[in-house]
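Residues per chain are reported as follows:
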Amino acid sequence: MSAAVKDSDLFFDVPGPRGRRRIQIWSVVTSLALAALVVGALVQFAGHGQLEAQKWRPFLTPGYLNFLWIGLKGTLAATGIAMLVAFPLALVLALLRISRNRVVSALATGWIEFFRAIPMLLIVYAFLLFLPRQPIGLDLPLFWKLVVPMIITSSATTAEIFRSGILAVDHGQTEAALSIGFTDAATMRVVILPQAIRLVVPSLINALISLLKDSTLGYVVSYPELTQQGKVITTYTGLMIQTYIVVAVIYVIINMILSRVASYLDVRMHRRAAAAVGPLESDEAAELDTFATSGIGERIT
Amino acid sequence: MNFAIIGQYGGLIVHGILLTIALGVLGFLGAMVVGTLMAVCRISPIPPLRGLGAVYVEIFRNIPLLSLLILMVFGLPDAGLEMSLFWCAVVAIVLSSGAFVCETVRSGVNSVGIGQIEASRAIGMSFGQVLRLVVLPQALSRMIQPLTNIFIGTMLGSSLAAAIGLDELTNVTQQINVLTAEAVLTFLIAGLVYLVLCLLIGAAGGWLDRRLRASVGAGGRR
């Protein structure tokens, strides 16, 4: 999207004097309205004493910062480990799903479709309440009670990202590889996968963002990640708004960095493609766009 | 498995299912409205509105839904803004899904060919007319699939309201599980209900996609 055309160029000509004036007037009006909204919110907060310095200052003291730092480390550890297991597993699931063996394909499809349609919290509760019970007796340490459900959910959604990447590689590539004598496996490994993986890197980063958001369920299993640490801080201090705003800001910063990386890679992919084969036909460009943004890996968590 | 608990707790389960559906549907409809409005803001010629759209997406796409729910449910009452648990959850889900809808609408709008917009402008249509009569109808038909995914994501995301104590399906499942220890059955029921809901949404989305593609036609990109 950002790669193709800038929105601003599409909908209107460079405005003339009257258009410019009208835009200026509207800018002033909407700025005032937005400012009024912000001021209203601040007055509301101040009226209930939520803006007092003493309620915010604790978050600058080393004790609080250290506590949140432990949470951040927990969040990053859970996300990182889950990614390291889930992404390779997802690739395997995607390959199994498109394999010619009917049984294998059906099993992989079943796994993917089932866990794509189940909320992760339900799986977390299963690991928390159901699996530790007697006949099964699978009582994992806290860390894995959070990370294993993350892996299960993410592997299912990420598998679909890999699969769509593999299917998006031109069929001629497979035919060419087979016709010069590559085996099926070699075709996949040497020809298709390298192209497919490069195609899905931006979507994979979106999947990573989803994983990071999934790790907030540490709140439910009491694994010390950011949200859980926030819960502990609020039980001791009662600083609800302040704590969770600080926590939210940390999440937003990390995710913003990640999505910047994703869109940078997205743009670079378009530019590379344009450099290699000349400017894309608008049809192809639109296809690449919809591919990169179809939101296969996006979960609202 | 003790199937008697279905009779015993049937009312609770049905209540949970209805609440989940209500959260998902209200959340998605609200997100459609908010998301489309924000997308229009982002492509409008007025700088403050563009800024508003950009900031909205950056914040609400990147904030985890659970953090948002906690902030709204436990935080806002401290600032004197009291809402019922249900509406708090709906608003949080709307804000969060709305950011995804906004991005989808924007990329859908961008996928409509420049020629279409140039032509509409050439015959003297205003910004609003171009959007309403030419761009959005075409963009919408291309957005059905991603929007279906967002609807499913909203439905599954609504389960997070369980963690803040709203008794929707996931929460009810956990409650019954604690009360009866009939884990296999309760989790099976909840899983099946979510599966059916997702399949229904997916099927409806597929049907709408085929219909719209047939009526709008595959052309019109150039």
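Since the model is a prediction, treat every value here as computed from it, not as a measurement. (Residues numbered from 1 in each chain as written. Chains lettered and ligands numbered in written order. Predicted model: local features only at pLDDT ≥ 70, side-chain atom pairs only at ≥ 80, totals over all residues.)

A look at the overall build of chain A
In terms of regular secondary structure, chain A is built from 13 helices and 0 strands. Taken from the N to the C terminus, the helices and strands of chain A come in the order α-α-α-α-α-α-α-α-α-α-α-α-α. Within chain A, the fraction of its 301 residues that count as buried is 35%. Across chain A, contacts joining residues at least 24 apart in sequence account for 77% of those joining residues at least 6 apart. (Helix = DSSP H or I, 4+ residues; strand = E, 2+ residues; numbered from the N terminus. Buried ≥ 20, exposed ≤ 12 C-beta atoms within 10 Å, placed from the backbone. Contact = placed C-beta atoms within 7 Å.)

What to know about the overall build of chain B
Secondary structure summary: chain B contains 8 helices and 0 strands in total. Overall, chain B shows an N-to-C arrangement of helices and strands of α-α-α-α-α-α-α-α. Projected onto its principal axes, the C-alpha coordinates of chain B cover approximately 70 × 45 × 20 Å. Per-residue burial for chain B yields a buried fraction of 50% across its 222 residues. When contacts within chain B are restricted to residue pairs at least 6 apart in sequence, those whose partners lie at least 24 apart make up 78%.

Concerning the interface of chain B and chain A
Contact residues are listed per partner, giving 62 residues for chain B and 59 residues for chain A. Looking at the side of chain B that touches chain A, the elements that each hand over two or more residues are helix 2 (47-62), helix 3 (65-75), helix 4 (85-110), helix 5 (114-122), helix 6 (127-157), helix 7 (169-180) and helix 8 (183-216) of chain B. For the side of chain B that touches chain A, the leading source of residues is helix 6 of chain B, giving 11 residues. Looking at the side of chain B that touches chain A residue by residue, the classes come out as 34 nonpolar, 22 polar and 6 charged. (Nonpolar A, V, L, I, M, F, W, Y, C, P; charged D, E, K, R; others polar.)

Re unusual backbone geometry
Its identity is not glycine, yet Ser-222 of chain A carries a phi of approximately 65 degrees, on the positive side. By the element assignment, Ser-222 of chain A lies in the loop between helix 10 (218-221) and helix 11 (226-237).

Section: the nonpolar core
In this structure, Leu-121, Val-124, Phe-162 and Leu-217 of chain A together with Leu-69, Ala-89 and Ala-92 of chain B are the most contacted members of the largest nonpolar core, which totals 126 residues. Ranked by residues supplied to this core, first place goes to helix 4 of chain B with 13 residues. Each residue touching Leu-121 of chain A, except ones within four places of it in the same chain, is listed here: Leu-217 and Val-220 of chain A together with Ser-159, Leu-160, Ala-162, Ala-163 and Thr-170 of chain B. (Core = buried A, V, L, I, M, F, W, Y, C linked by C-beta atoms within 7 Å.)

Quick word on the environment of Ala-54 of chain B
Residues and elements named next belong to chain B. In this structure, Ala-54 sits in helix 2. A residue is classified by how many C-beta atoms lie within 10 Å of it, and Ala-54, with 14 of them, is partly exposed. Spatially, the C-alpha atoms of Ala-54 and Ala-39 are 8.9 Å apart, while their sequence positions differ by 15 residues.

What about the confidence of the model for chain B?
Looking at chain B as a whole, the pLDDT averages 87, with 96% of positions reaching at least 70. Taken together, the chains of this predicted complex give a pTM of 0.85 and an interface ipTM of 0.84. (pLDDT = per-residue confidence, 0-100.)

Some details on helix 7 (residues 142-168) of chain A
Here helix 7 of chain A spans 39 Å end to end across 27 residues, near enough to the 39 Å set by a 1.5 Å rise per residue. Ser-155 of chain A marks where helix 7 of chain A bends most, by close to 25 degrees. (Expected span 1.5 Å × (residues − 1). Bend = angle between axes of the 7 residues up to and from the residue.)

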